[in-house]
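Each chain, letter by letter, is given below.
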Amino acid sequence: MTRKTLLAGLAMTTTLFTAPAFAQDCPVKVGVLHSLSGSMAISETTLKDVMLMLVDGQNAKGGVLGCEIEAVVVDPASDWPLFAEKARELLTVNEVDVIFGSWTSVSRKSALPVLEELNGLMFYPVQYEGEESSRNVFYTGAAPNQQAIPAVDYFLEELGVESFALLGTDYVYPRTTNNILDSYLKSKGIADEDIFVNYTPFGHSDWATIVSDVVALGASGKQVGVISTINGDANVGFYKELAAQGVDAADIPVVAFSVGEEELSGLDTAPLVGHLAAWNYFQSADTPENEAFIAAWHDFIGDTNRVTNDPMEAHYIGFNMWVNAVEAAGTTDVDAVRTAMWGQEFPNLTGGMAVMNANHHLSKPVLIGEIRDDGQFDIISQTTEVPGDAWTDHLPESAPLKSDWKDLGCGMFNTETDTCVQMTSNY
């Protein structure tokens, strides 16, 4: 029996009472899958904290479907295979209704087979490389066309960068993103010899040689710029080495995709003033919505020095969309909620409206921020909402692909052959 048929039948039976279309077990359980130890704890602990704040705030409003929400927190400890184990534990042992979690793409891809096997639902809040669209994931962070491509355009058009150093941590997100950027830069006339690519392991600390190599790129007189997909605590050593070698933003600007307010809070930012980051949110955004969010965060965490950042906003948007979808569906059932998510709208903290598209990616504005000496960012560029693209136009194998779970029922649809390539993700 479909939900529509069931509701129609209920409407015909009696006007003396109403009954819910679905029986809902209480409490509603929300899984929180973020590293609280290991190399990624520097970034992910705050995302656990903001999820607890969001759950607490929603419970103060009456919960969802008349039920209190219970947060179930696990620690995958920056151990990528453990994300799969902890996702399975959340879905089978704790029986959560939804998961909010992961930071790195390797951790997300570790959890994907479990989510798809068990028909779990996860909201993923961090910028990533694209080239994926799972029916069991809603991607609330930036795709490359909402972060990486606009950042490169800013370097080319505003800063006149002619030689690019693509520095990344050695895993799928930096490698795929840099593959896309390599193709894009060459389409813009940047020569092979003016693209320097280097990868380092998680937690890398010895940056002297790499920074020296980057400085050497400018020996010919060309303007050098760094595109950084360095993740986690390795950023601390990287920025310290830039300062140690006397590299400032006027000489070699750096635009980072994984450094925000949280990462800067542990650094001496004075030598980093003028370097850049590309996100969809900065704490310095001057809007009533952001002012209220920051106040709620400081009140919850009990520390006015704790900063906000982009993935926190992504969880804020994703959580509120999920609550609204659950209320609209009248159930936490994954299939019903998925359908109710398409077209969901919720205000961004930077102004405007986030929209969840049928490819499970948001429409969000793109912001470029310049590091200030207080660890915050001056917003120097902001676009209108840009729809996230699951499949890039800048790789030949991806250009024909489209994701549309609403009308095509497929996350990897080939528009040239008019066929669904596959239903599960590219792991």
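Provided above is the structure to which this section pertains.
What counts, and where the lines are drawn
Residues numbered from 1 in each chain as written. Predicted model: local features only at pLDDT ≥ 70, side-chain atom pairs only at ≥ 80, totals over all residues. Heavy atoms only, no water. Disulfide = S-S within 2.5 Å. Helix = DSSP H or I, 4+ residues; strand = E, 2+ residues; numbered from the N terminus. Buried < 20%, exposed > 50% of the residue type's maximum accessible area, 1.4 Å probe, protein only. Core = buried A, V, L, I, M, F, W, Y, C linked by side-chain atoms within 4.5 Å. Contact = heavy atoms within 4.5 Å. Phe/Tyr/Trp six-rings, centres within 6.5 Å; stacked < 30°, edge-to-face > 60°. Lys NZ or Arg CZ within 6 Å of the ring centre and 35° of its normal. Pairing = 2+ DSSP bridges. Axes fitted to C-alpha atoms, helices over the stretch in contact; angles between N-to-C directions. Left-handed = near helix turned anticlockwise from the far one by under 90°. Nonpolar A, V, L, I, M, F, W, Y, C, P; charged D, E, K, R; others polar. Arc of directions from axis to C-beta. Salt bridge = Lys/Arg side-chain N within 4 Å of Asp/Glu carboxyl O. Right-handed = clockwise from strand over helix to strand, strands pointing away.

*Asks:* Teacher, can you tell me more about the state of the cysteines here?
*Replies:* As used here, a disulfide is simply a covalent bond connecting the sulfur atoms of two cysteines. Using the criterion set out here, one finds 2 disulfides in the structure. The disulfide partner of Cys26 is Cys67, and the gap between their sulfur atoms is 1.8 Å. The disulfide joining Cys26 to Cys67 has a torsion of about -55° about its S-S bond and is therefore left-handed. Of this pair, Cys26 sits in the loop between α1 (3–13) and β1 (28–33) while Cys67 sits in the loop between α2 (41–60) and β2 (69–74); the two residues are 41 residues apart in sequence, bridging distant segments of the chain. Relative accessible area serves as the criterion here: at 2%, Cys67 is assigned to the buried category. Taken in N- to C-terminal order, the disulfide-linked cysteines of the chain are connected 1-2, 3-4.

*Asks:* What am I meant to see in the nonpolar core here?
*Replies:* What tends to happen in soluble globular proteins is that the nonpolar side chains get buried as a cluster. In this structure, Ile99, Phe319 and Trp322 are the most contacted members of the largest nonpolar core, which totals 66 residues. Take this core: its biggest share by element is 10 residues, from helix α11 (residues 310–329). Excluding residues within four positions of it along the chain, Phe319 makes contact with Met51, Leu54, Val55, Gln58, Ile69 and Phe100. Listed in part, the 28 residues of the second largest apolar core include Leu217, Val224, Trp279 and Ile371.

*Asks:* Would you take a moment to explain the packing of aromatic side chains for this structure?
*Replies:* The relative placement of two aromatic rings is captured by the distance of their centres and the angle of their planes. Taken as a whole and judged by the stated rule, the model has 17 aromatic pairs. On the numbers, 5.1 Å between centres and 10° between planes, the contact of Tyr128 with Tyr139 is stacked. Here Tyr128, found in the loop between β4 (122–124) and β5 (137–139), pairs with Tyr139, found in strand β5; they are 11 residues apart in sequence, far enough to count as distant. Pairing Tyr316 with Phe346 gives two aromatic rings, centres 5.5 Å apart and planes at 70°, and the pair type is edge-to-face. Residue Tyr316 is located in helix α11, and its partner Phe346 is located in strand β11 (residues 345–347); the two are separated by 30 residues in the primary sequence. The exposure class of Tyr316 is buried, given its relative accessible area of 16%. Following the ring pairs from residue to residue traces out a cluster consisting of Trp80, Phe83, Tyr171, Tyr173 and Phe202. Its end group placed over the ring of Tyr124, Arg108 keeps NZ or CZ at 4.7 Å from the ring centre. In this structure, Arg175 packs its charged tip against the face of Tyr199, placed 4.0 Å from the ring centre.

*Asks:* I tried to follow the pairing of strand β17 (residues 401–404) on my own but got confused; where do I start?
*Replies:* It is a general feature of regular strands that their side chains alternate between the two faces of the sheet. When β17 meets strand β18 (residues 410–414), the two strands line up antiparallel, connected through 3 bridges. By the bridge assignment for β18, Leu401 is matched with Asn414. A loop of 5 residues connects β17 with β18, the two strands running antiparallel in sequence, and Gly409 in this loop sits at a positive phi of about 60°.

*Asks:* It is not clear to me how the packing of helix α3 (residues 80–93) against helix α4 (residues 105–118) should be interpreted in this structure. Could you clarify?
*Replies:* Packed helices, taken two at a time, are described by their axes: the angle between them and the distance between them. With their axes 7 Å apart at the nearest point, α3 and α4 run at an angle of 30° to one another. In terms of crossing hand, the pair formed by α3 and α4 is right-handed. Touching Trp80, Pro81, Phe83, Ala84, Ala87, Arg88, Leu91 and Thr92 of α3 are Val106, Ser107, Ser110, Ala111, Val114, Leu115, Glu117 and Leu118, all from α4. Tallied by class, the residues present in the contact of α3 with α4 amount to 11 nonpolar, 3 polar and 2 charged.

*Asks:* Help me understand helix α7 (residues 208–216) in this model?
*Replies:* In an α-helix, one turn spans 3.6 residues, which is why side chains three or four residues apart end up on the same side. Within α7, the full set of buried residues consists of Ile210, Val211 and Val214. The buried residues of α7 occupy an angular sector of 95° when projected down its axis, which confines them to one face. In this structure, the buried residues of α7 make contact with β6 (163–169), β7 (195–200), β8 (224–229) and α8 (234–244).

*Asks:* Got a minute to help me understand the pattern of salt bridges in this structure?
*Replies:* When charged atoms on two side chains of opposite charge get close, those side chains can pair. Tallied over the full model, the rule gives 16 salt bridges. Salt-bridge contacts for Asp49 lead to Arg306; the nearest nitrogen and oxygen are separated by 2.9 Å. Taken as a pair, Asp49 in helix α2 and Arg306 in the loop between α10 (288–301) and α11 lie far apart in primary sequence, 257 residues in all. On the basis of relative accessible area, Asp49 is assigned to the buried category, the value being 9%. One network of salt bridges, with partners in common, ties together Arg108, Lys109, Glu129 and Glu132.

*Asks:* Can you help me understand the sheet that holds strand β13 (residues 362–364) in this one?
*Replies:* On the basis of which strands lie adjacent, the open sheet formed by 4 strands has the order β11-β12-β13-β16 and antiparallel pairing. Of all strands in the sheet, those with a lone pairing partner are β11 and β16 (386–387), marking the two edges. Of the strand pairs in this sheet, strand β12 (residues 353–356) and β13 are connected by 2 bridges, and their pairing is antiparallel. The residue of β13 that forms the bridge with Val355 is Ser363. Against the sheet, α11 contacts β11, β12 and β13, and its axis sits at roughly 135° relative to β11.

*Asks:* Looking at this model, I keep getting lost on the environment of Ala256. Mind explaining?
*Replies:* Mapped onto the fold, Ala256 is located in strand β9 (residues 254–256). When its relative accessible area of 0% is taken as the criterion, Ala256 is described as buried. Spatially, the C-alpha atom of Ala256 lies 27 Å from that of Glu397, the residues being 141 residues apart in sequence.

*Asks:* So what exactly am I meant to see when it comes to the sheet that holds β17 here?
*Replies:* The strands making up a sheet are joined through hydrogen bonds of the backbone, oriented either antiparallel or parallel. With respect to topology, 3 strands assemble into an open sheet ordered β17-β18-β19, the strand pairing being antiparallel. On the outer flanks of this sheet lie β17 and β19 (419–420), each paired with one strand and no other.

*Asks:* Explain the pairing of β7 here, please?
*Replies:* Direction of pairing for β6 relative to β7: parallel, over a ladder of 6 bridges. Across the sheet, Phe164 pairs through a bridge with Ile195, a residue of β7. Viewed along the sheet, the connection from β6 through helix α6 (residues 172–187) into β7 turns out right-handed.

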